Amino acid sequence: MRIRVINPNTTVAMTELAAAAARAVVAPGTIVEGITSAMGPASIESHYDEALSVPGLLAEIARGEADGVDGYVISCFGDPGLDAARELARGPVIGIAEAAMQAASHLGRSFSVVTTLARTGGRAAELAERYGMERFCAGIHACEIPVLELEDPKARTVIADACREAVHTDNSESIVLGCAGMADLCEYLTREVGVPVVDGVAAATLTVQSLVTMGLRKSGRGEYAAPLPKQYTGLLAGFFLESQEARK
Ligand code: 2AL
């Protein structure tokens, strides 16, 4: 099976980091392809960034469909474009926030999200609500490190401190990492913090792998059916959709 881990920001190093986290957990025979969006923001840490990341993500889903890919991971914690991506794909599309929160809900009664900048916390809260995870989400904490500075060797101790503080303040039982760029710190943080630490990239990749292994595909009935064909203009002219028949 082929799973594409799509990084909706345009930073190749982040794609490689996420693809490595995915490859570390998949079964033999599952091929993970890391894909960097060809257009959009270098990192996603505002609603503006998130909105402008969606066309590039959807272009990659369309390309994946043409290439016969089995399923996709949206490798950004805002789960940008998740519903739209599902409309385009035949296989499962899983966001790292939904997968991480759901995995954490199996591990304890409560989790804390540790994210990058505080301004991304509203989106995380909205997603917890959307996924029915508010009951488990005890708090959302920021380490105030911008996405592209997570690579700095000093970042790991700041994030570990934020995780310990979150567990203490929220009295929570696990941690959900709030950025794909934290995936490589999961083992280190688990050792440092002493509670399960969930990386959404690994969780989402294995969710896709499980669904495809079970022979389950996206439902084409109702809301996630292929979008109606219509003209798109201006910069989005390339997103013109042909008839659904032609795309099957
Ligand atoms: C993210 C993420 O996962 N990728 C990105 O560019 N921004 N999340 C975040 N909380 O900043």
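Just so it is clear, the structure is predicted and the values come from calculations on it, not from any experiment. (Residues numbered from 1 in each chain as written. Predicted model: local features only at pLDDT ≥ 70, side-chain atom pairs only at ≥ 80, totals over all residues. Heavy atoms only, no water.)

Digging into the site of the ligand
Moving on, step 1. Close to the ligand lie 13 residues, the nearest being N9, I44, T116, G178 and A180.
Moving on, step 2. Residue N9 places a side-chain N or O atom 2.9 Å away from an oxygen atom belonging to the ligand.
Moving on, step 3. Take T116: an N or O atom from its side chain is 2.8 Å from an oxygen atom of the ligand.
Moving on, step 4. In the complex, the protein chains occlude 98% of the 290 Å² of accessible area that the ligand would expose alone.
Moving on, step 5. Of the residues contributing to the shell around the ligand, the split by class is seven nonpolar, six polar and no charged. (Near = heavy atom within 4 Å. Polar contact = N/O pair within 3.5 Å; in protein donor to acceptor, adjacent residues only side chain to side chain. Areas by Shrake-Rupley, 256 points an atom, 1.4 Å probe, with all protein chains shown as cover. Nonpolar A, V, L, I, M, F, W, Y, C, P; charged D, E, K, R; others polar.)

Looking at the pattern of salt bridges
Moving on, step 1. The tally for this structure, following the rule as stated, stands at 11 salt bridges.
Moving on, step 2. Where E33 meets R4, a salt bridge forms, and the shortest distance between an N and an O atom there is 2.7 Å. Highlighted residues: E33 in strand β2 (residues 31-36) and R4 in strand β1 (residues 2-7), separated in sequence by 29 residues. For the residue pair E33 and R4, the accessibility class agrees, reading buried in each case.
Moving on, step 3. Residue D67 pairs with R4 through a salt bridge whose shortest N-O separation is 3.0 Å. Of the two residues, D67 sits in the loop between α2 (47-66) and β3 (71-74) while R4 sits in strand β1, which places them 63 residues apart along the sequence.
Moving on, step 4. Note on D67: relative accessible area 35%, which makes it partly exposed.
Moving on, step 5. Among the charged side chains, a network of salt bridges with common partners joins R2, R4, E33 and D67. (Salt bridge = Lys/Arg side-chain N within 4 Å of Asp/Glu carboxyl O. Helix = DSSP H or I, 4+ residues; strand = E, 2+ residues; numbered from the N terminus. Buried < 20%, exposed > 50% of the residue type's maximum accessible area, 1.4 Å probe, protein only.)

Notes on the sheet that holds strand β5 (residues 111-115)
Moving on, step 1. With parallel pairing, the four strands of this open sheet are ordered in space as β6-β5-β7-β8. If you trace the sheet from one side to the other, it starts and ends with β6 (137-142) and β8 (197-198), each paired once.
Moving on, step 2. Judged from the two bridges that link them, strand β7 (residues 174-177) and β8 form a sheet pairing that is parallel. Following the sheet pairing, V176 is matched in β8 by V198. (Pairing = 2+ DSSP bridges.)

A word on the side chain of R86
Moving on, step 1. Mapping R86 onto the fold places it in helix α3 (residues 82-88).
Moving on, step 2. At 2.9 Å, the side chain of R86 forms a polar contact with the backbone oxygen of V93.
Moving on, step 3. Among the polar contacts listed, one links the side chain of R86 to the side chain of E98, at a separation of 2.6 Å.
Moving on, step 4. Contact partners of R86, with chain neighbours within four places excluded, come to V93, I94, E98, R130, K218 and Y224. (Contact = heavy atoms within 4.5 Å.)

Considering the pairing of β7
Moving on, step 1. Judged by which residues are buried, β7 turns out to be covered on both faces: S174 and V176 on one side and I175 and L177 on the other are all buried.
Moving on, step 2. Bridge count for β5 against β7 is four bridges, and the pairing is parallel. Note on β7: the bridge partner recorded for F111 is S174.
Moving on, step 3. This β-α-β element, β7 to helix α7 (residues 186-193) to β8, shows right-handed connectivity. (Right-handed = clockwise from strand over helix to strand, strands pointing away.)

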